[in-house]
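# Commentary on secondary and tertiary structure
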Amino acid sequence: MTLRIAALAAVTSLGATPVLAADPTVPTTFGPVVGAAAEGVAAFKGVPFAAPPIGALRWRAPQPPKAWTAPRDAKAYGPDCMQNPFPGDAAPLGVKPAEDCLYANVWTPEAALKDKVKRPVMIWIYGGGFVNGGSSPAVYSGDRFARDGVVLVSFNYRVGRFGFFAHPALTAAKADGGLLGNYGLMDQIAALKWVRDNIAAFGGDPNNVTVFGESAGGMSVHALLTAPQAKGLFNKAIIESGGGRPRLLPALPLTAPPGARSAEAAGLAFAAKAGVSGTDAAALDALRALPADTVVDGLNMATSGTPTWGGGPMLDGKMLTRETLEAYKAGAWSKMPVMVGATSADGFFFGGSRDQVFAPFGARRAEAEALYDPKGGGDIKVYGWAAAGDRMFIEPARAVAKTLSAQGAPVYQFRFSYVAESLRGQWWGAPHATEIPFVFDTVDARYGAALTPADAAAAKAAHAYWIGFAKTGVPAMSGGPAWPRYEAASDRIMDFSWQGPKVVADPLKARLDLVEATTP
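Below, the structure is looked at part by part.

Cut-offs and rules
- Residues numbered from 1 in each chain as written.
- Predicted model: local features only at pLDDT ≥ 70, side-chain atom pairs only at ≥ 80, totals over all residues.
- Heavy atoms only, no water.
- Pairing = 2+ DSSP bridges.
- Helix = DSSP H or I, 4+ residues; strand = E, 2+ residues; numbered from the N terminus.
- Axes fitted to C-alpha atoms, helices over the stretch in contact; angles between N-to-C directions.
- 1 Å grid on protein atoms, 1.4 Å probe; cavity = no way out; pocket = protein on both sides within 12 Å on 5 of 7 lines; lining within 4 Å.
- Points joined across faces, edges and corners; volume = space filled by probe spheres on them.
- Nonpolar A, V, L, I, M, F, W, Y, C, P; charged D, E, K, R; others polar.
- Phe/Tyr/Trp six-rings, centres within 6.5 Å; stacked < 30°, edge-to-face > 60°.
- Buried < 20%, exposed > 50% of the residue type's maximum accessible area, 1.4 Å probe, protein only.

### Looking at the sheet that holds strand E8 (residues 151-155)
Across the sheet, 11 strands lie side by side as E3-E4-E6-E8-E7-E9-E10-E11-E12-E13-E14; this open sheet has mixed pairing. The two strands at the open ends of the sheet, each matched to only one other strand, are strand E3 (36-38) and strand E14 (500-505). Each neighbouring strand pair of the sheet contributes to a mean axis angle of 20 degrees, computed without reference to strand direction. Bridge count for strand E13 (residues 492-497) against E14 is six bridges, and the pairing is antiparallel. The residue bridging Ile 493 from the neighbouring strand is Val 504, located in E14.

Okay, here's the thing in structure tokens:
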């Protein structure tokens, strides 16, 4: 230490200034960006991948941003997309939402900016029912992926009526080559194109890109797998609690005969509530002039049942032409390795009677009661939630795995059953979205002082399997059990259980068979 102090004094006495490492700077197609480096990871946040979708660009396909020449500061998240944040969200936004929101974030190993080794790329798509969510929550930080050799990208896409909106005036305008309604999905594709064009400068391999998302993000992955516009933009896909059947957020048609449900009908209902009448260019100008808060109109996951909201992605005839499973069964998807699964206590159950839980099983109700409440008189929260989760997420995940694997695709099905030790007195299984901090290895941000060594070990395992898949297309962990490709005959899945990852024949097979047979 004395020698170091003496050396520094000598340098100072000679009038020299100690040289500090410069902040990492990367060129992009629109201009250079300056990030921040710490502990071997370089992070670039708030990088524009499209122009602000405001004014005349509200309800337009994303447009290129205005280029810049001076290095742009990229050390802080840009705004998340305009919304009414959902109280109690397990992934609360870290920044204030705004309509100007089309920004990407990149975490990369610092060494990747200097050497010539291209790392695998993972692109995260957040959930939130297509009305909430953003890239800024702490549990979505990509630094742990970068620490472990992956270039992690996240980005914002428009949600709510900004991202998914139809109206006859928009249809008549014929902008964007006829692409209508699914503006949030268009944002996602624009972000994927930005990654294709720029990720090599961040040390990523544009030919080894894995897209992964949860809930609405998982549904988005389904959409990207089946949308012709996304073909060739990624190589592998991971779907976490993304459904797959129209039981959850069924896609409305863009248009329909008068009196029938459609995205345009929901748009007209919203316009009427906002005081905008007509279907001509003047009506469109009036809609685009509405304050952002008026467009939100209180919409979030708690209020999404309103008739002035179309529910999210719609069947527009160009990007989405049919429901997910129909497209898969027809072979109308970009064939690639796929991971798909759900949590063990997935779904949502908001209470009700025993009859409401079991009536949907029709003539096989007694069989359902024996499977979900074998002793009779059980806790309706447990058996009601289990039935809802099977219908919404768990059986659809199996249906997707069956369909894609039957076409020869490498498919790996998972069930995330691990519950943080501090919550085991509250939950009989892993609730919706609880796998995310384990996959990102950000359980410290989620559980804080309540984090236990077992929780941290469970995160290391899930994180490792996801990275293994991103690297090679086969989910693998050094020292962990080999994860077999899904085959309907054996029905084997990887269960991330309380005892660690283990390969098992699906223990829910009888329940899922019944759901498949009785629920459209």
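### Section: the layout of surface pockets
Of the pockets and cavities examined, the largest pocket occupies roughly 1300 Å³. Mapped onto the lining of the largest pocket, the elements with two or more residues apiece are helix H6 (216-226), helix H13 (380-406), helix H14 (436-439) and helix H15 (443-447). Looking at the lining of the largest pocket element by element, the count peaks at four residues for H13. Broken down by class, the residue content of the lining of the largest pocket amounts to 28 nonpolar, 15 polar and six charged. If you trace the second largest pocket, you find 18 residues lining it, with Pro 62, Met 186, Ile 189, Ala 190 and Lys 193 closest to the centre. Across the lining of the second largest pocket, the residue classes tally to 12 nonpolar, four polar and two charged.

### Some words on the packing of aromatic side chains
Within this structure, the stated rule accounts for 33 aromatic pairs. Measuring from ring centre to ring centre gives 4.5 Å for Trp 59 and Phe 165, while their planes differ by 20 degrees; the resulting arrangement is stacked. With Trp 59 in the loop between strand E4 (41-48) and strand E5 (72-73) and Phe 165 in the loop between helix H3 (160-163) and helix H4 (168-173), this pair connects stretches of sequence that are 106 residues apart. Just as Trp 59 is buried, Phe 165 falls in that class too. Each ring, one from Phe 416 and one from Phe 438, has its centre 5.3 Å from the other, and the planes form 50 degrees; the classification is tilted. Here Phe 438 lies in helix H14 and Phe 416 lies in strand E12 (residues 411-416), a separation of 22 residues in the sequence. This pair shows no difference in class: Phe 416 is buried, exactly as Phe 438 is.

### Looking at the sheet that holds strand E1 (residues 25-26)
Within the open sheet, the three strands sit side by side as E1-E2-E5. Their pairing is mixed. Unpaired on one side and paired on the other, E1 and E5 mark the two borders of the sheet. Pairing analysis gives two bridges linking E1 to strand E2 (residues 33-34), with the strands arranged antiparallel. When the bridges of E2 are listed, Val 26 appears paired with Val 33.

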